[in-house]
Amino acid sequence: MGLIGIGGQGRIHLRNCLRLKKAKLIGVADISETSLKFAKKLGIRNVYKNYDDLLSNQQIDAVIISLPNFLHFESVTKAAEAGKDIFLEKPLARNVAEGRKILSNVKRNGVKLMLGYNMRFTTTLRKLHEKIADGFFGEVEIVQATNVSHGPFTPKGGIKTLRSVPSWWFNKDLAGGGALLDLGSHLINLLSWYFGEVKNVESYLGYKFNMELEDSAICILKFRTGPLATINVGWFSKDLIQSIQICGTAKNLSMHLSPPSISHLIFRDIRRKLGIFKYDSYYTELKYFVECLWNDASPSPSGEEGLSDLQVISMAYKHSHNLA
Ligand SMILES: NC(=O)c1ccc[n+]([C@@H]2O[C@H](COP(=O)([O-])OP(=O)(O)OC[C@H]3O[C@@H](n4cnc5c(N)ncnc54)[C@H](O)[C@@H]3O)[C@@H](O)[C@H]2O)c1
């Protein structure tokens, strides 16, 4: 495998790639010398400043792309043309038109494409999918999901690799959207996996930080299968706040996915020390991607799912109320 983009998210993938048993990380690419140095320290020998050089390495069958949103179209197209299977960080693209072009290029070249919606690989949220499908809740009527964090504001990568906040995140042209595209795409993808196609959506956008991009959003979604859902996202909190509430005719559930309890954190640290990463969603999604490659299976979350998420987000922007 090859990894393109070793920024905040790419570094997580880099570490996890080194833990994979059925795949080997052959090389990485990044325009930043600091990022390449980081990779070299972890023992990666093939480091490229230009990702075209990584793509021409014939030893590499598949790539993980963790580049800023404005580079998704160009990099996926080049990787597909080089015949590489692709794991692409969410969102698929900046907008629907770009997403459609990506899918057509991927299809034309016959390669696989998976999107990095890691919440889909959280054990509890996977179990919830089974319960909903089994009818445990009866008919689900109302759902509420929250995904709030610091967003791009806090330098990522921990204190040892402290670096400035990448400016592309705050540029509407380069990012394509704010908190709704960034954090909302995770929830829209998750709820669409649970409940199917979104019929209607309306949104309320917040601009606390006076940027051209929304830094918070509340969306109301109506699913064709029946449920009415609200999703809440924001880039304003130092803590990660993730929760879901499901109200059905037979059963209901209210669950906080974060902040994790102290015992959860202790067990996570012990597991990491012992080299057990199977409960880590970022690791699990990569492991699953590799399994799909070995078994010649189509991975999910797929590019098509990513496109339908962008369609919902585009509808949400269109039917939005500005709460500035
Ligand atoms: N799944 C998640 O939970 C999650 C979390 C954060 C970010 N992301 C996604 O990951 C992607 C990257 O976000 P990030 O926060 O890591 O961004 P970032 O800016 O921290 O990292 C991007 C990296 O790409 C490199 N880069 C820029 N242009 C390049 C080029 N032409 N060639 C090679 N390298 C280049 C930069 O030097 C940087 O190291 C985004 O699409 C974002 O939405 C996903």
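Report follows, based on the coordinates. (Residues numbered from 1 in each chain as written. Predicted model: local features only at pLDDT ≥ 70, side-chain atom pairs only at ≥ 80, totals over all residues. Heavy atoms only, no water.)

Here the focus is the sheet that holds strand β3 (residues 46–48). Here 6 strands make up an open sheet; going across it, the order is β3-β2-β1-β4-β5-β6 and the pairing parallel. The open sheet has two edge strands with one neighbour each: β3 and β6 (113–116). In this sheet, neighbouring strand axes are inclined to one another by 15° on average, regardless of whether the strands run parallel or antiparallel. Both strand β1 (residues 2–4) and strand β4 (residues 62–65) contribute to a ladder of 3 bridges, which runs parallel. By the bridge assignment, isoleucine 4 is partnered in β4 with isoleucine 65. Strands in contact with helix α2 (residues 33–41) are β2 (27–29) and β3; relative to β3, the strand with the most contacts, it is inclined by about 175°. (Pairing = 2+ DSSP bridges. Helix = DSSP H or I, 4+ residues; strand = E, 2+ residues; numbered from the N terminus. Axes fitted to C-alpha atoms, helices over the stretch in contact; angles between N-to-C directions. Contact = heavy atoms within 4.5 Å.)

The full count for this structure, using the stated rule, is 10 salt bridges. The residue arginine 108 makes a salt bridge to glutamate 81 at a minimum N-O spacing of 4.0 Å. Here arginine 108 is found in helix α5 (residues 96–109), whereas its partner glutamate 81 is found in helix α4 (residues 72–81), with 27 residues between them in sequence. Between arginine 120 and glutamate 305 there is a salt bridge whose closest N-O contact spans 2.8 Å. Pair noted here: arginine 120 is in the loop between β6 and α6 (123–134) and glutamate 305 is in helix α11 (residues 303–318), with a separation of 185 residues, a long-range link. The exposure class assigned to arginine 120 is buried, which follows from its relative accessible area of 3%. (Salt bridge = Lys/Arg side-chain N within 4 Å of Asp/Glu carboxyl O. Buried < 20%, exposed > 50% of the residue type's maximum accessible area, 1.4 Å probe, protein only.)

From the geometry alone we can't say anything about function, so treat these as descriptive.
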